[in-house]
Amino acid sequence: MALSRRRRRRCRALVLGALLSLAGTYLCYSLLLFCCAPEPEPLASGEAAAAAAARAASPRTAARCLPAAAAARKKLLQKWRACPAAASSTATAGNGSSSPPSPPPPPASRSVGTKRLPHALIVGVKKGGTRAVLEFIRGHPAVRALGTEPHFFDRHYERGLEWYRRLMPRTLETQITMEKTPSYFVTREAPRRIFNMSRETKLIVVVRNPVTRAISDYTQTLSKKPDIPTFEGLSFRNRSLGLVDTSWSAIRIGLYALHLESWLQYFPLSQMHFVSGERLITDPAGEMGKIQDFLGIQRLISEKHFYFNKTKGFPCLKKATPGGTLPRCLGKSKGRTHVQIDPEVIEQLQDFYHPYNVKFYETVGQDFRWE
Ligand SMILES: Nc1ncnc2c1ncn2[C@@H]1O[C@H](COP(=O)(O)OS(=O)(=O)O)[C@@H](OP(=O)(O)O)[C@H]1O
């Protein structure tokens, strides 16, 4: 009898102990969750809510940061944060000036930061050199970019801004989020949709001689569909009458002045930056310098990060980090050998584009010398 009472008492003590330890674990777990909860991300969907989220994210002011020169020394292509541009507008990458007094902060890893709507977009043009610009600029420590083309403002708009935001890489407050989708430039609804996301969005357009661009576009299509008609056949409604077929997308995309009009209904020119696709090849550092100025970030990507690859026939990035993962040259689909086109056809198309080009130069205040 006494034995079973003792056993019952021991049993009760064991149950009590177990309960207490469970309660303790729960308390610790709750405390841990409370202390380490991540920064809440906006969850509301719809244009207004996400636009508010974008505005909230826009003052990308000083948090702890790595001075730009130090960031550059810490290898351009590593994702170190850089201090805001105001620190020094003359800094160039790795010019060997003073070293940081204390150890640098940890790099912004994939799990750090917040997914934000883009602050800047490369909106076009197809075959202009958009991939080169994206790959070059994403080496900057103050920029993080989506590697693939999300086609949100043309194909997937109905999925909502929240879907779009979730595609973005995480950024720190001081960093700029970017993506590129070249078809935005010729999408009628894109300017309004981007404006509704944020009227402060910075827009980059890489433009190239519209005739060369059309041939590049055609060469790409031909590589996928070898049975399509000839370039000459597709370009004209009536070649002897010189009637160009502007309904063919390869031709239509090159009417830059027309497409630009839709953008100027929503954005001032000062919010748009036009990159010369030609100069991007002959002077990548020069064009990248202007892009960095436009984005309000330090000129860290400079001459010393490029070399001309004779085999590729294009400038390529030097691998700035030992064992870095970014490619030195762009892939095989960039810099294809173009299909041979009758020089007379080229001349006819040059003539066709001339008035549109002139209008475009006048509007943007830059002569791209495509004549
Ligand atoms: N550094 C470097 N390396 C390789 N290619 C370069 C570079 N800079 C500019 N380009 C030119 O980019 C053209 C492709 O343009 P996009 O990247 O805009 O094409 S796409 O619309 O994304 O398909 C591509 O066009 P094609 O030469 O007709 O293939 C290149 O001329």
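Residues numbered from 1 in each chain as written. Predicted model: local features only at pLDDT ≥ 70, side-chain atom pairs only at ≥ 80, totals over all residues.

1. Quick look at the overall build of the protein
Rules: Secondary structure elements are defined from DSSP: runs of H or I of at least 4 residues count as helices, runs of E of at least 2 residues count as strands, and each element is numbered from the N terminus. Buried, partly exposed and exposed are defined by the number of other C-beta atoms within 10 Å of a residue's own C-beta, namely 20 or more, between the two limits, and 12 or fewer respectively, with C-beta atoms placed from the backbone.
A count of helices and strands for the protein gives 13 helices and 11 strands. Scored against the burial criterion, the 371 residues of the protein give a buried share of 36%.

2. Topic: the sheet that holds strand S2 (residues 120-124)
Remark on secondary structure: sheet strands pair via backbone hydrogen bonds, oriented parallel or antiparallel. Formally: Here, any two strands with at least 2 DSSP bridges between them count as paired. Only the stretch in contact is used when fitting a helix axis, every axis being a line fitted to C-alpha atoms; angles between N-to-C directions are given from 0 to 180 degrees. Residues are scored as being in contact if the C-beta atoms we place from backbone atoms lie within 7 Å.
If you trace the 5 strands from one edge of the open sheet to the other, you get S3-S5-S2-S6-S9, paired in parallel fashion. At either end of the open sheet lies a strand with only one pairing partner, and these are strand S3 (143-145) and strand S9 (272-276). Averaged over neighbouring strand pairs, the angle between their axes works out to 25° when direction is ignored. Taken together, the 3 bridges between S2 and strand S5 (residues 176-180) define a ladder with parallel strand orientation. The residue bridging leucine 121 from the neighbouring strand is glutamate 179, located in S5. Each of S2, S5, strand S6 (202-207) and S9 touches helix H12 (residues 284-295); the most contacted strand, S9, lies at about 175° to it.

3. Considerations on the site of the ligand
Stated formally: To decide whether a residue is near a molecule or strand, its C-beta atom is placed from the backbone and checked for lying within 6 Å of it. We call Asp, Glu, Lys and Arg charged. Ala, Val, Leu, Ile, Met, Phe, Trp, Tyr, Cys and Pro are nonpolar, and the rest, Gly among them, are polar.
As a matter of local geometry, the ligand sits amid 17 residues, with Thr130, Arg131, Ala132, Ser216 and Phe314 nearest to it. Listing elements by their share of the shell around the ligand, those giving two or more residues are helix H4 (130-137), helix H11 (277-282) and strand S11 (314-317). Top element by residues in the shell around the ligand is H4. It accounts for 3 residues. Of the residues assigned to the shell around the ligand, the class counts are 7 nonpolar, 5 polar and 5 charged.

4. Points about the environment of glycine 286
Mapped onto the elements of the fold, glycine 286 is located in helix H12. Separated by 47 residues in sequence, glycine 286 and arginine 239 place their C-alpha atoms 39 Å apart.

5. Overview of the UniProt feature "active site" (unreviewed entry) in the protein
As a reminder, the rule being used: UniProt positions are given in the numbering used here, feature names are shortened, and annotations may be inferred rather than shown by experiment.
As annotated by UniProt and renumbered to match this structure, "active site" (unreviewed entry) occupies Lys127. Structurally, lysine 127 can be placed in the loop between S2 and H4. Excluding residues within four positions of it along the chain, lysine 127 makes contact with Arg208, Arg213, Ser216, Asp217 and Gln220.

6. Quick notes on the UniProt feature "binding site: 3'-phosphoadenylyl sulfate" (unreviewed entry) in the protein
With numbering matched to this structure, UniProt assigns "binding site: 3'-phosphoadenylyl sulfate" (unreviewed entry) to Lys127, Gly128, Gly129, Thr130, Arg131, Arg208, Ser216, Lys334, Gly335, Arg336, Thr337 and His338. Relative to the elements of secondary structure, threonine 130 occurs in helix H4. If we skip the residues at most four places from it in the chain, threonine 130 touches Ile122, Gly124, Lys180, Pro182 and Val206. Secondary-structure assignment places histidine 338 in the loop between S11 and helix H13 (343-364). Apart from the residues within four sequence positions on either side, histidine 338 is in contact with Ile215, Ser216 and Thr219.

7. Let's talk about the nonpolar core
What counts here: Among buried residues, those of type Ala, Val, Leu, Ile, Met, Phe, Trp, Tyr and Cys that are joined through C-beta atoms within 7 Å form a set called a nonpolar core.
Leu121, Val123, Val133, Ile137, Ile204, Val205 and Val206 are the most contacted members of the largest nonpolar core, which has 57 residues in total. Contacts of valine 206, omitting those with residues within four sequence positions, involve Ile122, Gly124, Val125, Gly128, Gly129, Thr130, Val133, Val275, Gly277 and Leu280.

8. Details of H13
Convention followed: Each residue after the first adds 1.5 Å to the expected span of a helix. Note on bend: the value at a residue is the angle between axes fitted to the seven residues ending there and to the seven starting there.
With 22 residues, H13 extends 29 Å between its outermost C-alpha atoms, agreeing within 8% with the 32 Å of an ideal straight helix rising 1.5 Å per residue. Approximately 40° is the largest bend angle found in H13, and it occurs at histidine 354, with the proline proline 355 only one to four residues beyond. Here H13 has its buried residues at Leu349, Phe352, Tyr353, Asn357 and Phe360. Each element contacted by the buried residues of H13 is listed here: helix H7 (210-224), helix H8 (231-235), strand S8 (243-244) and helix H10 (256-264). Residue glycine 365 follows H13 closely and has a positive phi angle near 75°.

9. A closer look at the environment of proline 191
Checked against the element boundaries, proline 191 lands in helix H6 (residues 190-197). As a C-alpha pair, proline 191 and valine 123 span 68 residues in sequence and 9.7 Å in three-dimensional space. With residues near it in sequence (within four places) discarded, proline 191 still touches Ser262, Trp263, Gln265, Tyr266 and Phe267.

10. Looking at the pairing of S2
Taken across its 5 residues, S2 has 5 buried, putting it largely inside the fold. Where S2 lies against S6, 4 bridges are found, and the strand directions are parallel. Note on S6: the bridge partner recorded for isoleucine 122 is isoleucine 204.

11. A short note on the confidence of the model for the protein
Rules: As a per-residue measure, pLDDT reflects the predictor's confidence and takes values from 0 up to 100.
Counting all residues, the mean pLDDT for the protein is 79, and 68% of those residues have values of 70 or more. pLDDT under 50 marks residues 23-108. Its contacts with residues more than four places away, or in other chains, come to 127 contacts. In the predicted complex, the global pTM is 0.74; the interface-specific ipTM is 0.99.

12. Some points on unusual backbone geometry
Put simply, glycine 124 and valine 125 share a cis peptide bond, and its omega is -10°. As for its placement among the helices and strands, valine 125 is situated in the loop between S2 and H4. Unlike most non-glycine residues, histidine 151 shows phi in positive territory, near 50°. Here histidine 151 is to be found in the loop between S3 and helix H5 (161-167). A residue is classified by how many C-beta atoms lie within 10 Å of it, and histidine 151, with 15 of them, is partly exposed.

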